[in-house]
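# Architecture at a glance
Residue strings, one per chain:
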Amino acid sequence: MGLLISGFQLIFQPLTFMYIVGGTVLGTIFGALPGVSASMSVVLAMAFTYSMSPLVAIAFLVAVYCSAITGGGITAILFKIPGTPSNAPTTFDGYPMTLRGDSSKALGISLTTSAIGGTFAAISMLLLTPQLTNAALKFGSSELFAISFLGLSVLTALGGGDVIKTIISGLIGLWLATIGMDPLMGFARFTWGNSGLLSGIEMIPVMIGMFAITEVLDQTVSHTKIETDKTVNKVKTKLTSLKELWVMKWTIIRSALIGTGVGILPGAGATIASFLSYAIEVKSSKTPGKYGKGEPKGVAASETANNAATAGSMVPLLALGIPGGPAAAIMMSALVLKGVQMGPLLLKRQPEFLTSVFASMIVTNIIMVIVAIGVAKIFSKILATPYSILGTVIVLLAAIGSFAVFSSTSDIMLMVIAGVLGYVFHKLRFNPAALVLGLVLGEMVESNLRRAIMLANGNIVAVFTKPITAIVMIASIAMLVWPLIKSFIDKKKGTVSA
Amino acid sequence: MAIELLFNGCMIAFFTYCYFYISSTAPKAQPGTMNGAQWPQILLALLIFFIAVNMYDIYKRTPKEGRNLSTITGVNYKGFYKNKLIIGIVILFIFALALDYIGFILSSFLFSVAYSRLLGEKRISRLLLYSFLSVVFLYFLFSKGLSIMLPRGVGIFRDFALLLEAL
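Residues numbered from 1 in each chain as written. Chains lettered and ligands numbered in written order. Predicted model: local features only at pLDDT ≥ 70, side-chain atom pairs only at ≥ 80, totals over all residues.

## Re the interface of chain B and chain A
The condition that has to hold: Throughout, a residue-residue contact means that the two C-beta atoms, derived from backbone geometry, are no farther apart than 7 Å. The helix count covers DSSP runs of H or I at least four residues long, the strand count covers runs of E at least two residues long, and both are numbered beginning at the N terminus. Lys, Arg, Asp and Glu make up the charged group, whereas Ala, Val, Leu, Ile, Met, Phe, Trp, Tyr, Cys and Pro make up the nonpolar group; the residues left over, Gly among them, are polar.
If you look at the interface, chain B gives 49 residues, while chain A gives 45 residues. Contributions of two or more residues to the side of chain B that touches chain A are made by α1 (2-25), α2 (38-61), α4 (84-118) and α5 (124-145) of chain B. By residue number, the principal contributor to the side of chain B that touches chain A is α4 of chain B, which donates 15 residues. Residues that form the side of chain B that touches chain A fall into these classes: 34 nonpolar, 10 polar and five charged.

Now the structure itself:
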């Protein structure tokens, strides 16, 4: 409790508080702009930190980071363009809700559950960081491989029926992640002499293409009118009522715990957290068929988890000096520039870093709801625009988003190719979301597996018999295989009853 | 059915080629390590297996009377150039290619006009006005507001973009 109070004392100093409010506004707007990822938002905000003290700077950057993740949910719901990769699962149910005229409700759920997930994780992390540091130190390559494999077990929950096609899509994503330089031996794989492929297939253009461009192509052929009567004329983001939250209580609790837990693991982050949480929600539901068609719990699962993961991702940074992801790495460089020595001794010597970061997160998660309502209102108005204009604006935003990552026009070409492939996948009932998940996790799965085998001198059995690895792998395989067995049993039952 | 089988067949052929290609280009593994080719080969082997299962599944699911090539042979190839989807894809590819040469402003404006027309906007004045406004808004938002330098093009297009950036 003392830690929390000292954190709030730091945060509520007028200038610091003002910076946090400013950071929240900037982060929400950046996050809502397609292609401006959470880490890019932190980069863009870094320019403001040069005159700040290290404590104020980290509190400000944390505010930008948390609110960017929430802002990304706005475009995921309204336009099927995930603002950040971790908002991709939000599109599965958020966009269908928009199509049927329930965007206000979807936005309300997204904002409320984001705030709950973020606040829950920030408080938990503030209290548990020192203990978690010791636990996180026990995670080696084999355990990280098992965790990333657990992320892959999500695949079969994204199927919506056809498990084989979903597995094929996921495997294609994993294979795409192997294109480029080998992560350990440094030789070119599947580049066919093309130097443009050496750096690998970029995730963001593929993701934008698979979701946004595919949708525009689909609308070009068969235009589905978006129900604007509820969304545009009464653009009130309806905050979720306590009664609605009570109905979703287990979804929120599960997702907050998953998000926090996954966020702590270095390299895992908000994207795996949101996919995993969504999948577990589908698998634990009595009505899995409703997911992907506008089920509010789907939005809640994804948005609670990705915001909870933001707090978790700060643990390795503060406790060990290891950035848990790109955004944390940028924050770390901002602190190093200011002469702060990162590492395990930071929290012993300057515990105020811990308190200011998590107190800033708690405050940001509350302010963010108000700010995001305003931003969502502006973005919802855009829905009133005829699709003949809106469709082209979506493509232009998607192109800028793909280009902005590395200032490369070849990424725009990649986005278009991914969009066309996504359309073919959509028509032949393959699964673009599974492909994106494979691409996101591919590098992490491969490098951790190979590193673990190398450390065990080639003894694969030793890799998989470590206690944590073994437990996580058994859970993953059970999650991956069960839908296959279930679909086989269902087919058999169908044959018998027929 | 035939189109689906054809697509899956092409995937099997491509991934089989990739399976042998990677083993011919990867250096030999050190003892006690996993070769850089082995992981992709595991994935490719699984892919080939599951695609084959999928093809069998498609064949089995299709009623006997549907097991023919009519979905390929019955396609009206002459109508391809009028197909909205094909036109849309062509416009997207031209836009992606043109960015390097004529820069963001002109290529986006031309793209907006063409694609809005394809999506059904018939009024020319509205088409031009909305395209102009959206391109200018996005250009200034990202280029000036967020310092993301958008493609400038070459020659006079580059000079024009530099002039705008200097404003």
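The discussion continues.
## A short note on helix α18 (residues 387-406) of chain A
Operational definition: Here a helix's expected span is defined as the number of its residues, less one, multiplied by 1.5 Å. As a rule, residues whose C-beta atom has 12 or fewer other C-beta atoms within 10 Å are exposed, those with 20 or more are buried, and those in between are partly exposed; C-beta atoms are placed from the backbone.
Across its 20 residues, α18 of chain A extends 29 Å between first and last C-alpha, which sits within 8% of the 28 Å expected from 1.5 Å per residue. Taken across its 20 residues, α18 of chain A has 18 buried, putting it largely inside the fold.

## Quick word on unusual backbone geometry
All names here are of chain A. Backbone geometry places Phe 190, a non-glycine residue, at a positive phi of 50°. Here Phe 190 lies in the loop between β2 (188-189) and α9 (203-221). With 18 C-beta atoms counted inside 10 Å, the residue Phe 190 sits in the partly exposed group. For Arg 429, which is not glycine, the phi dihedral falls at a positive 60°. Note that Arg 429 resides in the loop between α19 (409-427) and α20 (432-455).

## A short note on the nonpolar core
The criterion, for reference: Note on definitions: a nonpolar core is a set of buried residues drawn from Ala, Val, Leu, Ile, Met, Phe, Trp, Tyr and Cys, linked by C-beta atoms within 7 Å. Where each domain starts and ends comes from a domain assignment, either automatic or drawn from a database.
Ranked by size, the top nonpolar core spans 192 residues in total, and within it Ala 59 and Leu 61 of chain A carry the most contacts. The element contributing the most residues to this core is helix α4 (residues 54-79) of chain A, with 19 residues. Counting only domains with at least three residues in this core, you end up with domain 1 (2-75) and domain 2 (79-166) of chain B. Setting aside chain neighbours within four positions, we find Ala 59 of chain A in contact with Ile 11, Thr 16, Tyr 19, Ile 20, Ser 356, Val 357 and Ser 360 of chain A.

## Topic: the confidence of the model for chain B
Residue and element names in this part refer to chain B. Where we set the bar: Every residue gets a pLDDT, meaning the predictor's confidence in that residue, from 0 to 100.
Mean pLDDT over chain B: 84, with 90% of residues reaching 70 or higher. Here helix α3 (residues 70-73) stands out as the least confident element of chain B, with mean pLDDT 62; α4 is the most confident, with 91. Across the interfaces of the predicted complex, the ipTM metric reaches 0.89, alongside a pTM of 0.73.

## Let's talk about the environment of Leu 97 of chain B
Considering the arrangement of structural elements, one finds Leu 97 of chain B in helix α4. Spatially, the C-alpha atoms of Leu 97 of chain B and Met 34 of chain B are 40 Å apart, while their sequence positions differ by 63 residues.

## Considering the domain arrangement of chain B
When cut into domains, chain B gives domain 1 (2-75) and domain 2 (79-166). Look at where the C-alpha atoms of domain 1 of chain B and domain 2 of chain B centre, and you get two points 38 Å apart.

## Things to note about the packing of α4 of chain B against helix α6 (residues 156-166) of chain B
Residue and element names in this part refer to chain B. Stated precisely, the cut-off is as follows: As a rule, the C-alpha atoms of each element are fitted with a line to give its axis, helices using only the stretch in contact, and angles between N-to-C directions run from 0 to 180 degrees. Oblique is the label for any angle not covered by the other classes, which are roughly parallel (under 35 degrees), roughly antiparallel (over 145) and roughly perpendicular (65 to 115). Two helices that cross are described as forming a left-handed crossing if the nearer one is turned anticlockwise from the farther one by less than a right angle, and a right-handed crossing if clockwise.
Two numbers describe how α4 lies on α6: the axes approach to 8 Å, and their chain directions differ by 55°. Of the possible angle classes, the one that applies to α4 and α6 is oblique. The way α4 lies across α6 gives a crossing that is left-handed. Here Ile 102, Gly 103, Ile 105 and Leu 106 of α4 come into contact with α6, specifically with Phe 157, Arg 158 and Ala 161. Residue composition of the contact of α4 with α6, by class: five nonpolar, one polar and one charged.

## Some words on the confidence of the model for chain A
Here chain A averages 80 in pLDDT, and 87% of its residues register 70 or above. In this model, residues 229-233 of chain A is a region of pLDDT below 50 whose contacts with residues beyond four sequence positions or in other chains number 14 contacts.

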